[in-house]
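Here is what each chain is made of, one letter per residue.
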Amino acid sequence: MQASLEQLSQIIVFTGLETVEKINLQPHTQVQRYRKGEIILHEGDVLPAKLYAVVSGSIQVTKTATTGKETILRALAAGEIFAAPALLGKGISPATVTAESDCEILTVERDALLKTIGQNPEIALRMLMVFNSRIQQLHETVHGLISERAIVRLARLIQYFAAESGTESTSQGECLKVKLPYYRMARSSGITYEECVRLIKSLKPVIAYSRGGKITILDTKKLNAIASGTILPKDIN
């Protein structure tokens, strides 16, 4: 199915494109629907020369180590682009992309995209900003896995999703709009499921965890202190 002008407008890097530019891109686009849990790209897949973007729903990007351990690298929502190697690298998917919810994925053929970039170079700048941010995030993740305490990584993960997906104010505190079940936090922090459960319980004065992954930040200052390594859960009064 060809993308609509509205769907093209939802992609962050296409913000500000003139209607005529989007009309010219349309014949070179495709939108495909995926059900929750369905694999969009397998790690190691040969990728066609296209730009990939999330039109609706959300996806999860994971990497599997030689030991078989799987780590969540990031979650992306509507408007985000992914699979950079399809455009800029050797064309091999470096990770597995899974539909975190029912979603729609838009692709744009590289040659048509490059032609549009020639007319509107700001698209390339936006793409570079996105990829640069991803590289920095990946660097921080790797550094954290190597040198930081698990509790610090976990606190930073909660901070990240609070900032990325937003929170809602409740009588208890700030409730994350995204659900973070134990398995997801464990795989994103490089720890075991059991250790994640134990650490979340140690954070009870700071966050509240409800079944299904609902997290409410009870004390933002103390969460920030743990994330910075200033204090540990045992030091919380």
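That block above? That's the structure.
Okay, so let's go over this structure. (Residues numbered from 1 in each chain as written. Predicted model: local features only at pLDDT ≥ 70, side-chain atom pairs only at ≥ 80, totals over all residues. Heavy atoms only, no water.)

Turning our eyes to something else, we now look at the packing of aromatic side chains. How two aromatic rings sit relative to each other is set out by the distance from centre to centre and by the angle between their planes. If you walk through the whole model with that rule in mind, you get four aromatic pairs. Residues Y160 and F161 carry aromatic rings whose centres are separated by 5.1 Å and whose planes lie at 80 degrees to one another, so their mutual orientation is edge-to-face. Residue Y160 is classed as partly exposed on the basis of its relative accessible area, which comes to 26%. Between Y182 and Y193, the ring centres sit 5.9 Å apart and the planes meet at 75 degrees, which makes this aromatic pair edge-to-face. One end of the pair, Y182, is in helix α7 (residues 182-189); the other, Y193, is in helix α8 (residues 193-202), with eleven residues separating them in the sequence. We classify Y193 as partly exposed; its relative accessible area is 45%. An aromatic cluster of at least three residues, connected via ring pairs, comprises Y182, Y193 and Y209. (Phe/Tyr/Trp six-rings, centres within 6.5 Å; stacked < 30°, edge-to-face > 60°. Buried < 20%, exposed > 50% of the residue type's maximum accessible area, 1.4 Å probe, protein only. Helix = DSSP H or I, 4+ residues; strand = E, 2+ residues; numbered from the N terminus.)

This part covers the sheet that holds strand β9 (residues 167-169). The strands making up a sheet associate through backbone hydrogen bonding, with each pair oriented either parallel or antiparallel. Taken in spatial order, the four strands line up as β9-β10-β12-β11 in an open sheet, and their pairing is antiparallel. Only two strands of the sheet have a single neighbouring strand rather than two, namely β9 and β11 (207-210). Pairs of neighbouring strands in the sheet enclose a mean axial angle of 25 degrees, with direction left out of account. Relative to strand β10 (residues 174-176), β9 runs antiparallel, the two being bridged by three bridges. Residue pairing across strands places E168 opposite C175, the latter belonging to β10. (Pairing = 2+ DSSP bridges. Axes fitted to C-alpha atoms, helices over the stretch in contact; angles between N-to-C directions.)

Next up on the list: unusual backbone geometry. Phi at A83 takes a positive value of approximately 60 degrees, unusual for a residue other than glycine. Along the chain, A83 falls in the loop between β6 (81-82) and α3 (85-88).

A general trend in soluble globular proteins is that nonpolar side chains are found buried together. Residues I158, L176, M185, C196, I200 and I207 are the most contacted members of the largest nonpolar core, which totals 29 residues. Elements with a contribution of two residues or more to this core: α6 (150-165), α7, α8, β12 (214-217) and α9 (220-227). Considering each element in turn, this core owes the most residues, nine residues, to α6. What L176 contacts, discounting residues up to four positions off in sequence, is I158, F161, A162, G166, T167, I215 and I217. Of all hydrophobic cores here, the second largest spans 22 residues; its members include I11, L17, I123 and V130. (Core = buried A, V, L, I, M, F, W, Y, C linked by side-chain atoms within 4.5 Å. Contact = heavy atoms within 4.5 Å.)

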